[in-house]
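Residue-level listing of the chains:
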Amino acid sequence: MKNSTSAAPAPQVPAPLKNAPSRTEPRPERSTGSRMGELVQRQGVLAVLLTVILIASFVYPTFASMDNARGVTVQASFLAIVALGMTLVIITGGIDLSVGSVFALGGVLAAWASQWGFLAALLVPLVVCGAIGLVNGLLIARANMAPFIVTLASLLAARGILLAFTDEGATTYLVPKDSAFAELGQGSVWGFGYPILIALVLFGAGGLLLQRTSFGQTLFAVGGSSDAATLMGLPVARTKILVYTLSGLLAGLAGALNAARLSSGVTIVGVGMELDAISAVVIGGTLLIGGAGSISGTLWGVLLLAVIQNLINQIGSLNSSYQSVVSGGFLIVVVVAQRYLARSRRTT
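Residues numbered from 1 in each chain as written. Predicted model: local features only at pLDDT ≥ 70, side-chain atom pairs only at ≥ 80, totals over all residues. Heavy atoms only, no water.

S.K.: Looking at this model, I keep getting lost on the environment of Leu 163. Mind explaining?
M.R.: Mapping Leu 163 onto the fold places it in helix α5 (residues 147-165). Along the primary structure Leu 163 and Thr 267 are separated by 104 residues, whereas in three dimensions their C-alpha atoms are 7.7 Å apart. In contact with Leu 163, other than residues within four places in its own chain, are Glu 168 and Gly 169. (Helix = DSSP H or I, 4+ residues; strand = E, 2+ residues; numbered from the N terminus. Contact = heavy atoms within 4.5 Å.)

S.K.: I would appreciate a short explanation of the layout of surface pockets in the present structure.
M.R.: A water-sized probe, rolled over the atoms, reveals where empty space remains. As a volume, the largest pocket reaches approximately 580 Å³. Along the walls of the largest pocket sit 23 residues, with Gln 75, Ala 76, Leu 79, Asp 276 and Gln 309 positioned nearest its centre. Elements represented by at least two residues in the lining of the largest pocket include exactly α2 (66-91), α10 (236-262), α11 (273-283), α12 (295-315) and α13 (321-347). Tallied by class, residues from the lining of the largest pocket come to 11 nonpolar, 10 polar and 2 charged. Size it by volume and the second largest pocket reaches roughly 440 Å³. Lining the second largest pocket are 23 residues, with Ala 69, Val 72, Thr 73, Phe 192 and Leu 303 positioned closest to its centre. Of all the elements in the fold, those that place two or more residues in the lining of the second largest pocket are α1 (32-59), α2, α7 (194-212) and α12. Considering every element that reaches the lining of the second largest pocket, the biggest residue donor is α2, with 8 residues. For the lining of the second largest pocket, the class distribution of residues is 18 nonpolar, 5 polar and no charged. (1 Å grid on protein atoms, 1.4 Å probe; cavity = no way out; pocket = protein on both sides within 12 Å on 5 of 7 lines; lining within 4 Å. Points joined across faces, edges and corners; volume = space filled by probe spheres on them. Nonpolar A, V, L, I, M, F, W, Y, C, P; charged D, E, K, R; others polar.)

S.K.: Hey, could you run me through the packing of aromatic side chains in this one?
M.R.: The geometry of two aromatic rings is summed up by the distance between their centres and the angle between their planes. The full count for this structure, using the stated rule, is 3 aromatic pairs. Seen from their ring centres, Trp 112 and Trp 116 are 5.0 Å apart, and the 75° between their planes marks the pair as edge-to-face. Relative to Tyr 173, the ring of Phe 165 has its centre 5.4 Å away and its plane inclined at 40°; by these criteria the two rings are tilted. According to the relative accessible area criterion, Phe 165 is partly exposed, its value standing at 27%. (Phe/Tyr/Trp six-rings, centres within 6.5 Å; stacked < 30°, edge-to-face > 60°. Buried < 20%, exposed > 50% of the residue type's maximum accessible area, 1.4 Å probe, protein only.)

Here's what the structure looks like:
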C-alpha cells in the first residue's frame, strides 16, 4: 500500500486593491498664532512706519512735502547701505562694530583720491575698507576670534588711521567742484538723488542674493548653527569671510557717497553709526542670534529711524538726543517681542 502525501494548499494572496489610497502622515499645520507671529516679525516694522508717517502728515503739513521726503531719504540712504552689510553679518550670527569708523575713513579717502578722478575716488576707499572687512573675516573665521572683539579693534584701528591721515583732524580734503564724483553725491534723477537710487539697487540685489541664491541659504544655515552647517558640508569659514568683506565694502561705499555729497572728507562723521545700523537691522526683524532676517525689514527699520529723526526736527522744541531715546525704546520693544514670538513658536 502506497503512502500518499497530499500537498498543503498554497495560501491565497489577496489581489492588490486598485486605486488603494496611500497612507501618508498628515502634515502638521502651523497654528494661527505661529503664522501671525512670523508675519509680525517680518512686516510689523512696516506697519509702524506707515502709522508714524500717517500721523506725522496730519500733525505737521510740511512733513508730507516732496522736498522733505527727498531730504529724509537722502539722509537715510547712507545708513541704509551700511545696514545692508550689517544685515548679512548678523544673519550669520556675527556683529560688526567697525562700520562707523570705516564709513568715516572711506569718506576721507574718497575726498583725498578725488583729485585723481572719479575712478580713484571710488576704488581707493573700496579697496582699503574692503581690506579691513577681509581682515575681520579672516580673524573671525580662521582664527576663531570673537566678532565683538575683532570688530571693536577694527573700529579703533580705522579711526586711528583716519586721524593719522588727517593730522589729528586738522587737514580736510575737499572734493573738486563740478567733478563727476561730486555729481555722484549731489546729482539726481527725477528729483531723487543718486545715493537713493544706489541704495535701492543694492537692496534689490541684496534681496535676490539672500532669497534666490545658495549663498543666501548658506547665510541662514550658518546663523542657525555653525556646527550643523559644517556637518552639512557648507563653506562656513568662506561665508563668514565674504560677509565681513561685504560689510567693509558697503561701509566704505557709503562713506565715499557721503563725501561726494558734502564735497569734503569730514572726520567727525560715523560716530555711533554702528549702533544705528544694528538698531535698524534688529528693528527690521533680524534676530541678533542669527539665522533669521530680511533685507526689506532692514530698509523699513532705516526709514523708521530717519522718520523719527525728521519728526523730532519738525517738533523743534526737542533736540537730536531724543532720537536716541526713542530708538532705544523701539529696540527694547522689538527685542522683547522677538523673544516672546520665538518662545510662542517653540510651544506651538
